[in-house]
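Results of the structural survey
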Amino acid sequence: MQEHTVKAFDEDITRLRGLIAEMGGLSEAAIAQSLEALVKGDDELADKVVKGDKRIDALESEIDKLAVRIIALRAPMADDLREVIAALKIAGVVERIGDYSKNIAKASKEIGPNRKQFEPLTLLPAMADVAAEMVHDVLTAYAARNAELAREVIAADEKVDAFYNSIFRNLVSHMVENPSTISSAAQMLFVARNLERIGDHATNVAEMVHFAATGTYPVDDDG
């Protein structure tokens, strides 16, 4: 009976990890697609990102239900309980990452045909690449319970912040010099802000992964 219970628990955990991997993959793809829509002015692709967010939301709901069922039926302890709780929190954060991509897709449609005059249009895809890589790596770290990779993700957030600071300064200068473009520039800044938030959320997930793997949160080098 005990062996059967352990097997059932292992199957539930495997299912939980699989759902999070699927959710993370969709969120990662949404980042890339929303930036492609922005750069190309592709409203159809932007709409696809917005509609695709519903699947990410549905996966979060499925993960929530499964995690609650595991806790109620399996009564996990110690490491196992940490993993289930981490999965619940991670699903919530990945759902927010999907929302940020949706926001970027919506902003893309508001920028208009003059987007190529903005220098950050060349910087934003590079910023998005770093953010998407952070999401990819943190989900890999979660699947492997790899605390070291989680710490690397946390360190990578500095790159995203540096991109944001550079883009912010550029766009503010552009708005001062070209008042007629303030509306479009503000949308571009909104895109950068959403990418910066994706980096922050990937960092949050990395901290949870580190905790799930080790029982401790990573030490802040600045603190």
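Structure report, in brief. (Residues numbered from 1 in each chain as written. Predicted model: local features only at pLDDT ≥ 70, side-chain atom pairs only at ≥ 80, totals over all residues. Heavy atoms only, no water.)

One can describe the packing of helix α3 (residues 78–111) onto helix α6 (residues 182–214) by two numbers: an axis separation of 9 Å at closest approach and a directional angle of 170 degrees. Taken together, the axes of α3 and α6 lie roughly antiparallel to each other. For the contact of α3 with α6, the class distribution of residues is 19 nonpolar, seven polar and five charged. (Axes fitted to C-alpha atoms, helices over the stretch in contact; angles between N-to-C directions. Helix = DSSP H or I, 4+ residues; strand = E, 2+ residues; numbered from the N terminus. Parallel < 35°, antiparallel > 145°, perpendicular 65-115°, else oblique. Nonpolar A, V, L, I, M, F, W, Y, C, P; charged D, E, K, R; others polar.)

Glancing now at the nonpolar core. Judged by nonpolar contacts, the single largest core of 63 residues is most densely connected at I90, L124 and L195. Looking at this core, the elements with two or more residues in it are α1 (2–40), α2 (43–74), α3, α4 (120–144), α5 (147–177) and α6. In contact with I90, not counting residues within four places along its chain, are I20, Y142, V205, M208 and V209. One finds A37, L45, V49 and A105 within the second-largest nonpolar core, a separate group that totals six residues. (Core = buried A, V, L, I, M, F, W, Y, C linked by side-chain atoms within 4.5 Å. Buried < 20%, exposed > 50% of the residue type's maximum accessible area, 1.4 Å probe, protein only. Contact = heavy atoms within 4.5 Å.)

We now examine empty space enclosed by the protein. Scanning all chains against the criterion turns up one cavity of 30 Å³ or more. Along the walls of the largest cavity sit R17, E83, A141, Y142, R145, V209, A212 and A213, which together make up its complete lining. At the level of elements, α4 and α6 are the ones that each hand at least two residues to the lining of the largest cavity. Ranked by residue count, the leading element in the lining of the largest cavity is α6, at three residues. In the lining of the largest cavity, the residues fall into five nonpolar, no polar and three charged. (1 Å grid on protein atoms, 1.4 Å probe; cavity = no way out; pocket = protein on both sides within 12 Å on 5 of 7 lines; lining within 4 Å. Points joined across faces, edges and corners; volume = space filled by probe spheres on them.)

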